Structure formats: C-alpha cells, structure tokens
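Observations on chain architecture
In case you want the letters, here they are:
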Amino acid sequence: MAKGTNDAQLLVQSLRKAYAATPTSLKIIDLYVVYAVATALIQVAYMAMVGSFPFNSFLSGVLSCVGTAVLAVCLRIQVNKDNKEFKDLPPERAFADFVLCNLVLHLVIMNFLG
Amino acid sequence: MGATSVASPAPLNSAPSSFPSLKALKFTTKQQELLIRVSALALIYVLAFVVRLFSVLRYESMIHEFDPYFNYRTTLFLTKNGFSEFWNWFDSESWYPLGRIIGGTLYPGLMVTAALIHRILHFFSFAVHIREVCVLTAPFFASNTTLVAYFFGKEIWDSGAGLVAAALIAICPGYISRSVAGSYDNEGVAIFALLLTFYLFVKAVNTGSLAWSLASAFGYFYMVSAWGGYVFIINLVPLYVLVLLVTGRYSMRLYVAYNCMYVVGMLLAMQIRFVGFQHVQSGEHMAAMGVFFLLQVFYFLDWVKYILNDIKLFHSFLRITLTCAITVGVLALSIGTASGYISPWTGRFYSLLDPTYAKDHIPIIASVSEHQPTAWSSFMFDFHILLFLFPAGLYFCFKRLSDATIFVVMYGLTSMYFAGVMVRLILVAAPAMCLVSSIAVSATVKNLSSLVRAKSKSPQGSGKPLSGSKAAAKASADQSLPFQKNGAIALLLGALYLLCRYAIHCTWVTSEAYSSPSIVLAARGHGGGRVIFDDYREAYYWLRQNTPPDAKVMSWWDYGYQITAMGNRTVIVDNNTWNNTHIATVGRAMSSYEHEAYEIMLSLDVNYVLVVFGGVTGYSSDDINKFLWMVRIGGGVFPVIKEPDYLVNGEFRVDKGAAPKMLNCLMYKLCYYRFGEMTTEYGKPPGYDRVRGVEIGNKDIKLEYLEEAFTTSNWIVRIYKVKPPKNRW
C-alpha cells in the first residue's frame, strides 16, 4: 500500500534525522555495538554451517561479542548527557568501569575458550 | 571519655575551631553513634559464631550428619593433592563398579573456601588440622552473613534496620539449623553467598554503577560454585526486573545492573563443570535469558521513542518491532522446547511447583525427609516472632516503595512460598524474614521512641540522644493524645519483652534441637546421667581396621558417605543418589530372600553388608523403618518386588502376624539375627523390638550365605561378611 510505504519512508527519514543529531562520541559507541553484534551473527552463521562441536568455544565467542556490546550500551547510557540519573557520574569513571568489566569478561572468555 | 584527647590529637590540632574547648573531651553525637553501631555489630558477629558451638562443647569437634562427610573427604583430598588433581578426580571407591566423576559432579565452593582458609592459617603458622577448619567454617560464614545483612538492611531502609536485621539473623533458628559448628554442608556458605549477591545487585540497581554490577556477578559466581540453589537467584532476579518493567518503575540503572550481572555472571557460572551449559540449555534458566532479550527490546523501543519525539511514527515503529520480536521469540522457544534442546525442568525443581509430582514419579526424591512439605509447627519453631513481624514489615515496605524494598518484598514472598513446599527451603526464607521483620521492628521502635522523647523537660530519653532544640520543637507539635508518652513507653517495653523471648527461644531451640551431631547419639540413663552411643564411629573404625583394603561394603545409600570417609572402604551406593537403578539393585537385594540376594551380592562383588538396627536402644532412624522405601525404590525398577507382599492389610508389621516375605527377607534376617535371645526391656519377652514396640515374629534366624562379622556395643550397626561361593563338590 502506498500509505504503508510512505509511512515507512517517513519513519526512516525522521529516524535518520534524529540520529544525526546525536553527539559523535555516542555515535562511535553505537558503531562499536553494531560491529560486535555483527561479529556475533557471523559466528552464529558459521556454527550453523559447521556444527557446534566444541560448544564451549562457540558460546564463549558469541557471548564475548554479546557481552561487549551490552557493556558498550551501558557505557553509552552512562556517558549520555541527556540521562538525568547519571549526571553526577564523571565520564572517566564510566569508562574505567567499562574497561574493568571488559577485562573480566575477556579473562573468563579466555578460560572458557578451551 | 577522657581518653579522647590522648587518642585523637589530630582533630584537636588541625581543626581547633570545630570542637569548642568544653566539648574536646567528649565524643560528638556522630562519633557516639558510630561507636554504638560498631560495638553492636562486633557483639552480633561474635554472638552468631558462639551460639553455633553447642555441639562442639558438648561432644567434640566432629563433622555431623551424612553429606558433610563427603564434603570433608573431598576437602581432605584437595588439601593433600592440590586443585588440579581435585578438579579432575575420578573416584573408584564409591558406586562400585561404576565409580563417580567427583571433579565434574560437585559444587566446589565450600571445599575451596575451607582449603583456602586452611592455607591462610598455615601461612600465619597456625598449624590447624583441616577438620577443625571444616567444623568451624559454617559459624564463621554465619557471622559474615550478619555483616552482609547489616549492609543490606542499611540499603533498604536505614542503619537501625540493618542492625536489627543482623541481630535477628545471627540467632534465627531457620538459619542455625543448617549452619551449626560441624554441619559442614553447602548451605553454610551458600546463604552467605545468596545474601551477598542480592545485596550487591540491589546496590547496583540503586546506584546504576557497572562496578557494583560486576561485584554482584562475582557474588553470583560464588553462589553457583557453592550450592544448587543458585537457580533461585537466576529466577528471582529476572522476575524482579519483569515486575519493575510492568509497574513502570524501570530506569536506566536497572538496565546497567541486570545486563552486566547476567552476561558476566552467566559466563562465570559456566566455568563450574557441574553446571556446564545449563544456563543456555535448561528450562530452569530460560527466564533469565528471556528477560535479557525483553530488556534489549524494551530499552531499544524506549530510546527510539525518545529520539523520535513523535507519537504517531513511534507507534508504527512499535508495531513493526513488537510483531517481529514476539514472532522470533515464540518461534525460538517453541522450537527449542519441542526439539528437546531446551531441557524441561528437572524433577527436583519441578516438584517445587507441583508438590505431588515426586510422590508419584520419583520415589527417591519423595523419600528424603528434608523434601517433605512444611508443617505449621516447623514455621513457628524456626521463625517465632518473625512470623507476625513479617506482615508488619511488608506493610512498612509498601508504605515506602523503592527499587530496594520491592526486591525484598519479592524475595520474601517467593521464598515463603517455597519454604511452605519443602522443609529444607526454610533456610532460604530465613534471611528474607529477618530483613523484612527488621524493618517493622526498626520503624516501630523509632516511632515509639520519638514519641517518648517528645517532651523537652527531662533529658532522660531512651534511645539515641537528640539535641535539645529539636525535641522542644517536636513537643509543641504533638501534644494531641493524653498518656501518649506512657503508652509509648509501655509499647516499647512490650517490644523489648518480645525480642527477649525471641532470643530465649532461639537459644533453647539451638541447644535442644539443632545441635545433635546425628552420628553420636545421646540419651538420659536411669540415674539421669548422660549416655552416649558412639556406635556408628565404632563400626566404621572396625571396618577400617579389620577388613582388607579393597573390601566392598553394601549398605543403604544413607551411610555411603560416612563409610567412605571414616571407614575408608569402597561402597556400592552413597548419598549422591545419581544412579537410581544402582540404588534399586541394592534395594532389591535387601528385600529379597537370602538366596536371591546372594546372587545379586555376588554380581556386585560385595564382601560386607552393613545394616543399622535400633531395636535394642530405641533408635528410630534405623533400616527397618526405612525398609518400605527400599521396597518402593527397588520395586520402581524391578517389578518383581511388590510392596503389598511385605504388608499385612496395608500395615507394616514385624511381629508374628507379619507377611511371610517380610519375615524372611534379607533385611529382616540381618537386623534381627540373634535378637530373639536378647532381653531389651525389663518385663518384656526376649526379642522385644523397642522401636516398633512388638515382639518380633521370626526369632530363630539362620544365615546360610552370610556370617556375622561385627555388632556394635549397643547393636546399632551390624556388619555381616558375605561368604565366598561353596566349592562345586
């Protein structure tokens, strides 16, 4: 239906316009999240092709991507100046927390990789 | 108070203006309050440790019950052989001839904790034997739990509630029952880990900090390593998140807290081999994953709504996303469940949702006494005044709803439901009851004491001192009711009385009911003096010293752990109960005639048979009382064993009127061999069984394939040797 596609086009346009307004630092974090999720999807597709035999390796690969994506989203939330709950949190502290959590995540992943 | 000037010269030198010269010798109000709080906490810490020491003082420092002996044996192995050997240990001394992969089938948290404490003590040159460390691990962690309860209470309400919570949980009988000195079991450490995880998670939700969330993931890891009850956490936290989402109290902090805890916690949990991949494959863990995906979708939609700033467009976007997400989710769930990839809820946890399930389908789970539904008397026994303080605390929580109080309310309600289904889970409800009750106590006492302090005339207020001007301002405000102050004092005295009764009750319960080691029995003799029955250890040491090292012992599964730990011999079945068919084979052997049982024993290479018999002493947890369970479990796998064969008119009897199969089965013969000649009570015929209260039916027992090897001094444990097969000619 023409109205449907018109709606969809309008939706996409306004989304694009609104997103262009976000600050660059947040866009970088978003890019990182997209990259991590894409890597996870590639791994899932690979597993679908060759089977999941060392299941712990598959899980650690996928979960490291998902984990770091989720942590990046948390960082974005904490650094975003529009969030009133986090206005007292210095961005350096948020980044330090992000680095620490990623460190722990990847240490566990390396133990789990097998 | 005069020591202040000597003890803390720094404030006097650095900031002389903040302390007027008159007050230099006194503590300020803040310092007084801190002193009171710290000393109260220190006393509570010591109290929690000391109240659990009854059995160590009465008997000796030994491990109690059955399961702790396995934990002790594995800890011993860990300290002797190191972590790598322990983690890869295959034990051929239990479940003969199958063996057991111990490294992959236990929760290592408790053993690693005790071994670590042992190593630290040795590092500081305290040459303590590992058994002492094991015996005292549970009281030590109970003390630590009181500290965590204090901080948790402070997080939910205020520091007063925290202090009351710490005091309540230090002596709560529901918790003491599984954490006395000597009860070296997973729960002693697990409840500490549970409360720590919950506290760290609530702190993470309150502050929205990734660091606290990471700490709660580590707390969760410790809990997973310690106890199978971690399933409660992984289901309660998503349920809490769901409730917050539904009631509209969600915030960005919730997203940060849950996501970090879930992903990092799940990864850490999968490092424990016993848990393995259950977090992504088992039905019990799917709620957490479902909520995880729901959160992503929810917050993504929230973000899109925020940046779009236009309702109509957002609604169309919402429709598209929701239909996609719901289809994908339902599809994934149904494919997973239908193909069997996502395993359904295991019997142990399914019986929590449907209490009648175990009785019909899995007799082994139904036979454990700790898994029975809870009676009202148990609730009163284990909780006392907390039973009516809990609803009062719920009222206060609802009056001041916040993220933290919602969590505590949910924890309290769900744990109370499960405590009603299974006796063992009263332990999990105990911290929740203490926390919620502490809110009631603290809020009530605060209100009452502020009423008492309302009059500004006399400075003799009860409770913490307030500055004079504030009290005067309050006094003019509420002069409403006459006798208000007297009523408040009376109510305060009543509250004090209740709390004193609680303390007395808890101490009495601990002393009378929860401090018995189960392996050493005590009774009052004729002259009122105490008689100790140490038969179990006597028998195990006899086994250790008088049988060849590769001897195999067949007994009912209750005693397996103790036989391997103390007797150091191979057993056929033990308390792990992982193989139902093997246990059913033993059950079948115990309930068959002697010649049939002999075939089974030869096939299992059994050298010795051990039975527990209480007829001489009146000890009622013996094998004859457990016999029907042997029949049911054996009959569950081998239909030749039928329960009605052993009953007369549905009644279980061992006297002359008993069923003939009962009178001639192996268990009967082994328990009552030579018992017919024994007089147990004055005025009763020989062969009078003091537990069943009847004279036994078959007194003239002859054993053809076994011979008696050892009977302990009070006839509680009886060991028989299996004769080798006769020569052919």
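Everything quoted here is computed from the prediction, not taken from an experiment. (Residues numbered from 1 in each chain as written. Chains lettered and ligands numbered in written order. Predicted model: local features only at pLDDT ≥ 70, side-chain atom pairs only at ≥ 80, totals over all residues. Heavy atoms only, no water.)

A look at the overall build of chain A
Which entries qualify depends on this criterion: Under the DSSP-based scheme used, a helix requires at least four consecutive residues in state H or I and a strand at least two consecutive residues in state E, with every element numbered from the N terminus. For each residue, the accessible area found with a 1.4 Å probe, counting protein chains only, is set against the maximum for its type, and the residue is called buried under 20%, exposed over 50%, and partly exposed in between. For the accessible areas, the method is Shrake-Rupley and the probe is 1.4 Å, while residue cover comes only from the protein chains on display.
Check the secondary structure of chain A and you find 4 helices and 0 strands. Listing each helix as α and each strand as β along chain A from the N terminus yields α-α-α-α. Taking all 114 residues of chain A together, the buried fraction comes to 38%. A total of about 7,000 Å² of accessible surface is found on chain A, and carbon and sulfur atoms cover 70% of it.

Some points on the packing of aromatic side chains
Put simply, the test is: Pairing of aromatic rings covers Phe, Tyr and Trp, the last through its six-membered ring, and needs centres within 6.5 Å; plane angles under 30 degrees mean stacked, over 60 mean edge-to-face, and all others mean tilted. For a Lys NZ or an Arg CZ to count as sitting over a ring, it must be within 6 Å of the ring centre and within 35 degrees of the ring normal.
This model, assessed by the stated rule, comprises 59 aromatic pairs over all chains. Ring centres of Phe95(A) and Phe98(A) lie 6.0 Å apart, and the angle between their planes is 35°; on these two criteria the pair is classed as tilted. In this pair, Phe95(A) and Phe98(A) are both assigned in helix α4 (residues 91-112), 3 residues apart and thus about one turn of the helix distant. The exposure class of Phe95(A) is partly exposed, given its relative accessible area of 47%. By relative accessible area, which is 10% here, Phe98(A) ends up buried. Ring pairing ties together the aromatic residues Phe198(B), Phe201(B), Phe232(B), Tyr240(B), Phe407(B), Tyr411(B), Tyr417(B) and Phe418(B), which thus form one cluster. Just above the ring of Tyr175(B) sits the side chain of Arg52(B); from NZ or CZ to the centre is 5.0 Å. Lying across the ring of Tyr688(B), Lys684(B) places its NZ or CZ 5.0 Å from the centre.

Considering the UniProt feature "transmembrane region" (unreviewed entry) in chain A
Residue and element names in this part refer to chain A. Under the convention used in this document: UniProt positions are given in the numbering used here, feature names are shortened, and annotations may be inferred rather than shown by experiment.
In the numbering used here, UniProt assigns the "transmembrane region" (unreviewed entry) feature to residues 31-49, 55-75 and 95-113. Secondary structure content for residues 55-75 is 100% helix and 0% strand, and the end C-alpha separation is 30 Å. For residues 95-113, the end-to-end C-alpha separation is 26 Å, with 95% helix and 0% strand making up the annotated structure.

Focus on a nonpolar patch on the surface
Going by this rule: Patch definition: residues above 30% relative accessible area lacking any salt bridge, with like charges linked at up to 9 Å and the nonpolar side chains Val, Leu, Ile, Met, Phe, Trp and Tyr linked at up to 5 Å. Salt-bridge detection follows one rule: a side-chain nitrogen of Lys or Arg within 4 Å of a carboxyl oxygen of Asp or Glu.
On the surface, a nonpolar cluster with roughly 600 Å² of combined accessible area is contributed by Leu116(B), Ile120(B), Phe123(B), Phe124(B) and Phe126(B). When you line up the elements, Leu116(B) lands in helix α6 (residues 109-123).

A few points about the packing of helix α8 (residues 159-171) of chain B against helix α23 (residues 426-452) of chain B
All names here are of chain B. Applicable threshold: In this analysis, axes come from line fits to C-alpha atoms, helices being fitted only over the stretch in contact, and the angle between any two N-to-C directions falls in the range 0 to 180 degrees. Here is the rule for angles: anything less than 35 degrees is roughly parallel, anything more than 145 is roughly antiparallel, 65 through 115 is roughly perpendicular, and the remaining ranges are oblique. Put simply, a crossing is left-handed when the front helix is turned counterclockwise from the back one by less than a right angle, and right-handed when it is turned clockwise. Residues are treated as being in contact if the distance between any of their heavy atoms lies within 4.5 Å. Think of it as three bins: nonpolar holds Ala, Val, Leu, Ile, Met, Phe, Trp, Tyr, Cys and Pro, charged holds Asp, Glu, Lys and Arg, and polar takes everything else, Gly as well.
At a minimum axis distance of 8 Å, the contact between α8 and α23 shows a crossing angle of 135°. As far as their axial angle goes, α23 and α8 are oblique. Crossing geometry of α8 relative to α23 is assigned as right-handed. Only Pro431, Cys434, Leu435, Ser437, Ser438, Ile439, Val441 and Ser442 of α23 make contact with α8, whose side of the interface consists of Gly160, Ala161, Val164, Ala165, Leu168 and Ile169. Of the residues assigned to the contact of α8 with α23, the class counts are 10 nonpolar, 4 polar and no charged.

Quick word on the sheet that holds strand β10 (residues 706-711) of chain B
Note the following rule: By the convention used here, strands pair only if DSSP detects at least 2 bridges between them.
Taking strand neighbours across the sheet as the criterion, the 5 strands line up as β6-β5-β7-β11-β10 (chain B) in an open arrangement whose pairing is mixed. At either margin of the open sheet sits one strand with a lone partner, and together these are β6 (570-571) and β10 of chain B.

Observations concerning the packing of α6(B) against helix α7 (residues 130-156) of chain B
Residues and elements named next belong to chain B. Relative to each other, α6 and α7 sit at 110°, their axes nearing to 10 Å. Taken together, the axes of α6 and α7 lie roughly perpendicular to each other. Here α6 and α7 pass one another in a crossing that is right-handed. Counted together, Leu110, Thr113, Ala114, Ile117, His118 and Leu121 of α6 and Ile130, Val133, Thr137, Phe140 and Phe141 of α7 form the full contact between these two elements. Tallied by class, the residues present in the contact of α6 with α7 amount to 8 nonpolar, 3 polar and no charged.

Considerations on unusual backbone geometry
All names here are of chain B. A cis amide bond links Tyr96 to the next residue, Pro97, at an omega of 0°. Mapped onto the elements, Pro97 comes out in the loop between β1 (90-91) and β2 (100-101). Positive phi outside glycine occurs at Ser125, with the angle close to 65°. Of note, Ser125 is situated in the loop between α6 and α7. Using a relative accessible area of 62% as the deciding quantity, one classes Ser125 as exposed. Even without glycine at this site, Arg674 takes up a positive phi of about 65°.

Here's the deal with the domain arrangement of chain B
Many structure descriptions define interface size as the accessible area lost when the parts assemble. The line we're drawing: Here the bounds of each domain stem from an automatic or database domain assignment.
Segmenting chain B into domains produces domain 1 (190-343) and domain 2 (531-722). Spacing between the C-alpha centres of domain 1 of chain B and domain 2 of chain B amounts to 50 Å.

Quick word on the side chain of Ser61(B)
Residues and elements named next belong to chain B. Relative to the helices and strands, Ser61 resides in the loop between α4 (54-58) and α5 (67-87). Taking the relative accessible area as the measure of exposure, Ser61 reaches 16% and is therefore buried. Those residues in contact with Ser61 that lie beyond four places of it in its chain are Val56, Arg131, Glu132 and Val135.

Here's the deal with the interface of chain B and chain A
What counts, and what does not: Accessible area that two parts lose when put together, evaluated with a 1.4 Å probe and summed over both, is termed the buried area. Pairing of N or O atoms within 3.5 Å defines a polar contact, subject to two protein rules: one partner must be a possible hydrogen donor and the other a possible acceptor, and residues neighboring in sequence count only if both atoms are side-chain atoms.
Contacts between the two partners involve 36 residues from chain B, matched on the other side by 35 residues from chain A. Carbon and sulfur atoms make up 80% of the area that chain B and chain A hide from each other, which totals about 3,000 Å². Among the residues chain B hides against chain A, the three largest losses belong to Leu210(B), Leu267(B) and Leu313(B). Together they make up 19% of the total. Where chain B meets chain A, there are 0 salt bridges. At the surface where chain B touches chain A, the tally comes to 5 residue pairs in polar contact (both at pLDDT 80 or more). Going through the elements one at a time, α11 (210-226), α13 (252-269), α14 (278-281), α15 (286-308) and α16 (311-338) of chain B are the ones with two or more residues in the side of chain B that touches chain A. The element contributing the most residues to the side of chain B that touches chain A is α13(B), with 11 residues. Grouping the constituent residues of the side of chain B that touches chain A by class yields 26 nonpolar, 9 polar and 1 charged.

Examining the side chain of Arg178(B)
Residue and element names in this part refer to chain B. Inspection of the secondary structure assignment puts Arg178 in the loop between α9 (173-176) and α10 (186-207). A relative accessible area of 16% places Arg178 in the buried class. Within the structure, Arg178 has its side chain in polar contact with the side chain of Asp185 (distance 3.2 Å). Sequence-distant contacts of Arg178, defined by excluding residues within four places in its chain, comprise Ser183, Asp185, Glu187, Gly188, Glu370, Arg424 and Leu427.

A closer look at the nonpolar core
Residues and elements named next belong to chain B. Here is the rule: We call a set of buried Ala, Val, Leu, Ile, Met, Phe, Trp, Tyr and Cys residues a nonpolar core when their side-chain atoms join them within 4.5 Å.
Phe152, Phe198, Val609, Leu610 and Tyr672 are the most contacted members of the largest nonpolar core, which totals 241 residues. The dominant element in this core, judged by the number of residues it contributes, is α13, at 15 residues. Not counting the four nearest positions on each side in its chain, Phe152 is found in contact with Leu195, Phe198, Tyr199, Val202, Phe407, Val408 and Leu435.

Focus: the confidence of the model for chain B
Residue and element names in this part refer to chain B. Just so we agree on the cut-off: Residue-level confidence of the predictor is summarised by pLDDT, bounded by 0 at the bottom and 100 at the top.
Chain-level statistics for chain B give a pLDDT mean of 87 and a share of 91% at 70 or above. Of the regions scoring below 50 in pLDDT, residues 1-16 engages in 13 contacts with residues more than four places distant in sequence or in other chains. With a pTM of 0.88, the predicted complex shows an ipTM of 0.94.

Here we look at empty space enclosed by the protein
Residues and elements named next belong to chain B. Rules: Points on a 1 Å grid over protein atoms alone make up a cavity when a 1.4 Å probe fits among them but cannot get out, and a pocket when they form an open set with protein on both sides within 12 Å along at least five of seven lines; lining residues each have an atom within 4 Å of a point. Grid points are joined across faces, edges and corners, and a volume is the space filled by probe spheres set on the points.
Taken as a whole and judged by the stated rule, the model has 2 cavities of 30 Å³ or more. Each pocket or cavity is described by its volume, and for the second largest cavity that value is around 50 Å³. Residue lining of the second largest cavity: Tyr220, Ile234, Val237, Tyr258, Met261, Tyr262, Gly265 and Met266, and that is the complete set. If you list the elements that add at least two residues to the lining of the second largest cavity, you get α12 (230-247) and α13. Here the lining of the second largest cavity takes 5 residues from α13, the largest share from any one element.

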